[in-house]
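A structural walkthrough
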Amino acid sequence: MLGCVRIATVRQMASVITAEESDGRSYVRRAMVELAELGLAETNGKHGKDKIWNLTVAGQRALADGNELPPRPKAGTGAKAVKAGFGPHGLAVTDTILAYGGRRSLTDWQVEVNHAIKETGLSFNTDAVLAWPTKTSEARLFELDNGTMSQARLAKEVWDYERYAGHRVWEGARGTIGGTFPFWQRHRYTRSKTFPRLHVVLAGKAEHLLDNRLQALTADVRGIAIAVWANTLPRLQRGEPWYEIGVDDPHRRRERYPEPAGR
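Values in this document were obtained by computation on a predicted structure and should not be read as measured data. (Residues numbered from 1 in each chain as written. Predicted model: local features only at pLDDT ≥ 70, side-chain atom pairs only at ≥ 80, totals over all residues. Heavy atoms only, no water.)

1. Overview of the overall build of the chain
Along the backbone of the chain there are 11 helices and 11 strands. The dimensions of the chain, computed from C-alpha atoms along their principal axes, are 65 × 45 × 35 Å. The buried share among the 263 residues of the chain stands at 46%. Taking the intrachain contacts of the chain between residues at least 6 apart in sequence as the baseline, contacts between residues at least 24 apart amount to 59%. For the chain, the exposed area adds up to about 14300 Å²; of that, 52% sits on carbon and sulfur atoms. Between the averaged position of the 38 positive side-chain charges in the chain and that of its 30 negative side-chain charges there is a distance of 3 Å. (Helix = DSSP H or I, 4+ residues; strand = E, 2+ residues; numbered from the N terminus. Buried < 20%, exposed > 50% of the residue type's maximum accessible area, 1.4 Å probe, protein only. Contact = heavy atoms within 4.5 Å. Areas by Shrake-Rupley, 256 points an atom, 1.4 Å probe, with all protein chains shown as cover. Lys, Arg positive; Asp, Glu negative; His and termini not counted. Charge placed at Lys NZ, Arg CZ, Asp CG, Glu CD.)

2. Remarks on the sheet that holds strand 6 (residues 139-145)
Read across the sheet, 6 strands follow the order 4-5-6-9-10-11 without closing on themselves; strand pairing throughout is mixed. At either margin of the open sheet sits one strand with a lone partner, and together these are strand 4 (109-117) and strand 11 (243-246). If you compare each strand with its neighbour and ignore which way they point, the axes differ by 35° on average. Relative to strand 5 (residues 122-131), strand 4 runs antiparallel, the two being bridged by 8 bridges. Paired with Trp 109 across the two strands is Leu 130, which belongs to strand 5. (Pairing = 2+ DSSP bridges. Axes fitted to C-alpha atoms, helices over the stretch in contact; angles between N-to-C directions.)

3. Side note on helix 3 (residues 25-37)
With 13 residues, helix 3 should cover 18 Å at 1.5 Å per step; its first-to-last C-alpha distance of 18 Å lies within 8% of that length. Looking one or two residues beyond helix 3, the residue adopting positive phi is Gly 39, at roughly 80°. (Expected span 1.5 Å × (residues − 1).)

4. Remarks on the side chain of Thr 180
Relative to the helices and strands, Thr 180 resides in strand 8 (residues 179-182). One polar contact links Thr 180 to Arg 254, side chain to side chain, over a distance of 3.3 Å. Residue contacts for Thr 180: discarding those within four places in its chain leaves Arg 168, Val 169, Trp 170, Arg 254, Glu 259 and Pro 260. (Polar contact = N/O pair within 3.5 Å; in protein donor to acceptor, adjacent residues only side chain to side chain.)

Below, the structure written as structure tokens:
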């Protein structure tokens, strides 16, 4: 689990590895002490009274040697994020992952996945990406705001996904007419026909304030040309439906973003 979500509390881990309706926190607590003694896991901070656990580099190496997960060579341990004060945000991402898929799809997640277009300077990290193969798309993207961003910054982060989806690249051999293609489809999500749906999750505040932020975000991204669904973490944990606040429209994206020059 720590290899997938990077950081978690005993409560979060117990919810995954123990049977439903049972409390396995004492078992997990003993197991984490054993892993720490072996140098495979460590704690670098707390969230309230709960220790925040992450794998060590040796723990990641042991996991990779066991072939339990797909290779993740650039994945950090999460220790730096906890030490820098981002533990609450990371734990909220873990709660989102558990609320959305739980133990059934845990190994299909990656966190802090970079999306970048060097040519334009656009670069951002997606909080979590779920491998979810369908006939039209291979993944779903998750962005979490733990109540620390301004409304304007949150809206900008969502619009960055449209900028990423709208960028096109020119391809063709010299002397030929060639053509343009979506950057993401050629270089990132090569098995997808549509740009992956973006899920925005709001957390970190009282529920009525989260509802206000959801309404404001809906207004701020009106007219966006990618599929965006939004929800609050409490609603997601209760199994309540998502709000669709953006619709995928590749034709409108192509009108908005300039075509690259051919050779």
